[in-house]
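Summary of structural features
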Amino acid sequence: MPRSDVLVTTAWMSEHLGAAGIHIVEVDEDAGAYAAQGHLPGAMALDWRTDLQSQASRDIVGAEEFATLLGARGIAPGDTVVLYGGNHNWFAAFGYWLFKLYGHADVRILDGGRMKWTMEGRPLTDEVPEPAATDYPVPGVDAEIRALRSDVLDGLDHDVLIDVRSVDEFTGRLLAPPHLPQEGGQQRGHIPGALSIPWNRAVARDGTFRSDEDLRRLYAKPLLAAEDGARIVTYCRIGERSSHTWFVLRELLGVSGVANYDGSWVEYGSLIGVPVER
């Protein structure tokens, strides 16, 4: 699909600040950045820990909770939602995947995220919008874009698995990124047969996504397998980096049959009796 269907530039966003039917949503690794560092004018925040994760069980927020969340933020099903965040939009991509899982039609990512916006000297504010609530209906679920642990185990012999973590995590030298030690699998290593393609290779220095040509070169091996009908499953540690690669493959390169395993290594690396490679 055209990039403009799933990405917006900082220039486009600047021109559409305050436009009716367009909602800017920040989803950041550092949930405190919204208040502490300022945010795009008119932007609302979604906390990936408390808003996008179930507080009753270890899982993503359910469809009914998602509908209530969006309604409280004043978002209607036909509205355009633009997501952005720090660190090359990795948690914004997680938010995007969740919006698509629950069927929101028009959702996009601000190419370059917070970093490019601030590097260009564009405005930030500490004002928090107070939108009028809407009635957001409980959405359906696009189960095809989510891989559960049973899907991963069933597909070990034929699916293409892409481990998007760092090389040190993939090889087992590290259990988790050094600055994020709070969650990790009980075992080190990777799912057998997985390809190691770190997620951040898909972005340029300014945080924008690389060209389609560069991306096709980067993902040449899984793209070739997809042409032969293989399903691609992306995974990382907790599902946010793998959402970023899922976005690249499905939304930018138009690959069908791509699923995000959001349970990722925290889940797989803690299962008893499953195969692990180092």
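Residues numbered from 1 in each chain as written. Predicted model: local features only at pLDDT ≥ 70, side-chain atom pairs only at ≥ 80, totals over all residues. Heavy atoms only, no water.

With that settled, the discussion passes to the packing of aromatic side chains. Tallied over the entire structure, the rule returns 12 aromatic pairs. Where F66 meets F99, the ring centres are 5.2 Å apart and the plane angle is 85°; that geometry is what we call edge-to-face. Note that F66 is positioned in helix α3 (residues 63-72) and F99 in helix α4 (residues 90-101), a separation of 33 residues in sequence. Side by side, F66 and F99 carry an identical accessibility label, which is buried. On the basis of an interplanar angle of 35° and a centroid distance of 5.3 Å, the ring pair of F209 and F247 is categorised as tilted. (Phe/Tyr/Trp six-rings, centres within 6.5 Å; stacked < 30°, edge-to-face > 60°. Helix = DSSP H or I, 4+ residues; strand = E, 2+ residues; numbered from the N terminus. Buried < 20%, exposed > 50% of the residue type's maximum accessible area, 1.4 Å probe, protein only.)

Here we come to the nonpolar core. Counting residues in each nonpolar core, the largest one holds 59 residues, and the members touching the most others are L83, L98, Y219 and F247. Ranked by residues supplied to this core, first place goes to α4 with 10 residues. Looking at which domains feed residues into this core, each of domain 1 (3-141) and domain 2 (144-269) supplies at least three. If near-sequence neighbours (up to four positions away) are discounted, L98 is found in contact with L52, I60, V61 and F66. Among the nonpolar cores identified, the runner-up in size contains 13 residues, and V152, A194, A259 and V274 belong to it. (Core = buried A, V, L, I, M, F, W, Y, C linked by side-chain atoms within 4.5 Å. Domains from an automatic or database assignment. Contact = heavy atoms within 4.5 Å.)

On the basis of which strands lie adjacent, the open sheet formed by 4 strands has the order β7-β6-β8-β9 and parallel pairing. Every interior strand has two partners, whereas the edge strands, β7 (195-196) and β9 (258-260), have only one. Relative to β9, strand β8 (residues 232-235) runs parallel, the two sharing 3 bridges. Residue pairing in the sheet places I232 in a bridge with V258 of β9. Set on the sheet, helix α9 (residues 220-227) makes contact with β6 (160-163), β7 and β8; between it and β6 the angle comes to about 155°. Where helix α10 (residues 240-252) meets the sheet, its contacts fall on β6, β8 and β9, and the angle it forms with β9 comes to roughly 165°. (Pairing = 2+ DSSP bridges. Axes fitted to C-alpha atoms, helices over the stretch in contact; angles between N-to-C directions.)

A separate point is the environment of L153. Positionally, L153 belongs in helix α6 (residues 149-154). Along the sequence, L153 and I191 sit 38 residues apart, while their C-alpha atoms lie 9.5 Å from each other. Beyond its immediate chain neighbours, meaning those up to four positions away, L153 contacts Y268 and V274.

Let us now look at the domain arrangement of the protein. Once the domains are mapped, the protein shows domain 1 (3-141) and domain 2 (144-269). With centres defined by C-alpha atoms, the gap from domain 1 to domain 2 works out at 23 Å. Buried surface at the junction of domain 1 and domain 2, both sides included, amounts to about 2,300 Å², of which 66% is carbon and sulfur. When residues of domain 1 are sorted by the area they lose upon contact with domain 2, R3, W90 and W97 head the list and together hold 30% of the total. As a salt-bridge pair, R3 and D212 come within 2.8 Å of each other at their nearest N and O atoms. For the pair domain 1 and domain 2, the interface holds 7 residue pairs in polar contact (both at pLDDT 80 or more). When residues of the side of domain 1 that touches domain 2 are assigned to their parent elements, the largest contribution, 8 residues, is made by α4. Here the side of domain 1 that touches domain 2 is built from residues that sort into 13 nonpolar, 4 polar and 8 charged. (Buried area = accessible area lost by both parts, 1.4 Å probe. Salt bridge = Lys/Arg side-chain N within 4 Å of Asp/Glu carboxyl O. Polar contact = N/O pair within 3.5 Å; in protein donor to acceptor, adjacent residues only side chain to side chain. Nonpolar A, V, L, I, M, F, W, Y, C, P; charged D, E, K, R; others polar.)

A few words on the pairing of strand β4 (residues 80-84). Most of β4 is tucked away, with 5 of its 5 residues classed as buried. Every second residue of β4 is oriented toward a common face, with T80, V82 and Y84 on one face and V81 and L83 on the other, all of them buried. Pairing geometry for strand β2 (residues 22-26) and β4, over 5 bridges, is parallel. Note that in β4 the partner of I24 across the bridge is V82. Here 3 bridges tie β4 to strand β5 (residues 107-110), and the two strands are oriented parallel to one another. The partner of V81 across the bridge, within β5, is V107. Handedness of the β-α-β unit built from β4, α4 and β5 comes out right-handed. (Right-handed = clockwise from strand over helix to strand, strands pointing away.)

Of all the residues in α3, the buried ones are A63, F66, A67, L69, L70 and G71. Taken together, the buried residues of α3 touch α4. Just downstream of α3 lies G74, where phi reads positive at about 80°.

A separate point is the pattern of salt bridges. Side chains that differ in charge, positive against negative, can pair when their charged atoms come close. According to the stated counting rule, one finds 19 salt bridges in the structure shown. Between K116 and E120 there is a salt bridge, with the nearest N and O atoms lying 2.3 Å from each other. With a relative accessible area of 34%, E120 lands in the partly exposed category. Across the pair R122 and E120 runs a salt bridge whose closest N-O atoms are separated by 2.7 Å. Overlapping salt bridges bring together E26, D28 and R114 as one network.

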